Amino acid sequence: MVHVLSSRTLLRPTDPDRSRAFYGEQLGLAVYREFGTGPERGTVYFLGGGFLEVAGRSAEPPSPAVKLWLQVADATAAYEELTARGVEVLRPPVKEPWGLIEMWLTDPDGTEIAVVEVPADHPLRYRP
């Protein structure tokens, strides 16, 4: 296996400025780095243990098979903050049968984003 030092998800949005406004202003993701010039310049956002790079342009939106999974400490607080910023939430936070608290939204191109809280007693956090 190759030794992976870093990773990132690459998105080629149909409207880069609109996507940067969504990820940077509405979701409030911190910028890791920016590169290039013009409307198709690149912006890389922190995603906890990874990165999201929004760069270039595509004539078509990303495949519906592409989804983002963002873990937060408090899904209810995230819901309140995001709706106050005008983010359209498809489904507010709900505790799923598998124990995770999930909220769903989409980016401007329709890429689905799961915002997930892992409760303290969930096996993803602690397994004896």
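Thresholds applied
- Position numbers for residues count from 1 along each chain, tracking the sequence in the order it is written.
- Selection of residues for local features in this predicted model requires a pLDDT of at least 70, selection of side-chain atom pairs for listing and counting requires 80 or more, and totals for whole chains, interfaces and linings are taken over all residues.
- Side-chain descriptors were evaluated using all non-hydrogen atoms of the structure, hydrogens and water having been removed beforehand.
- In what follows, salt bridge is the name for a side-chain nitrogen of Lys or Arg lying within 4 Å of a carboxyl oxygen of Asp or Glu.
- Under the scheme applied here, a residue whose accessible area is under 20% of the maximum for its type counts as buried, over 50% as exposed, and between as partly exposed, the area being computed with a 1.4 Å probe on protein chains only.
- The secondary structure listing takes helices from DSSP runs of H or I that are at least 4 residues long and strands from runs of E that are at least 2 residues long, numbered from the N terminus.
- Arc definition: directions from the helix axis to the C-beta atoms.
- Grouping buried Ala, Val, Leu, Ile, Met, Phe, Trp, Tyr and Cys residues that are joined through side-chain atoms within 4.5 Å yields what is termed a nonpolar core.
- We call two residues in contact when some of their heavy atoms are within 4.5 Å.

- Per an unreviewed UniProt entry, the chain goes by VOC family protein and derives from Streptomyces vastus.

## Things to note about the pattern of salt bridges
Logical step 1: Applying the stated criterion across every chain, the model contains 9 salt bridges.
Logical step 2: Across the pair Arg85 and Glu81 runs a salt bridge, and its minimum N-O distance is 2.7 Å.
Logical step 3: Bridged by salt links that share partners, the residues Arg8, Arg12 and Glu53 form one connected network.

## A short note on helix α1 (residues 16-26)
Logical step 1: Along α1, the positions that sit buried rather than exposed are Pro16, Ser19, Arg20, Phe22 and Tyr23. One side of α1 holds all its buried residues, which, seen down the axis, span an arc of 160°.

## Here we look at the nonpolar core
A general feature of soluble globular proteins is that nonpolar side chains tend to end up buried together.
Logical step 1: In terms of nonpolar packing, the biggest core is built from 18 residues, with Phe22, Tyr23, Leu27, Leu52, Met103, Leu105 and Ile113 touching the most fellow members.
Logical step 2: Going through the elements one at a time, α1, β4 (50-54), β5 (67-72), α2 (75-84), β7 (101-106) and β8 (112-117) are the ones with two or more residues in this core.
Logical step 3: Discounting residues that sit within four places of it in the chain, Leu27 has contacts with Phe22, Leu82, Arg85, Val87, Leu105 and Ile113.

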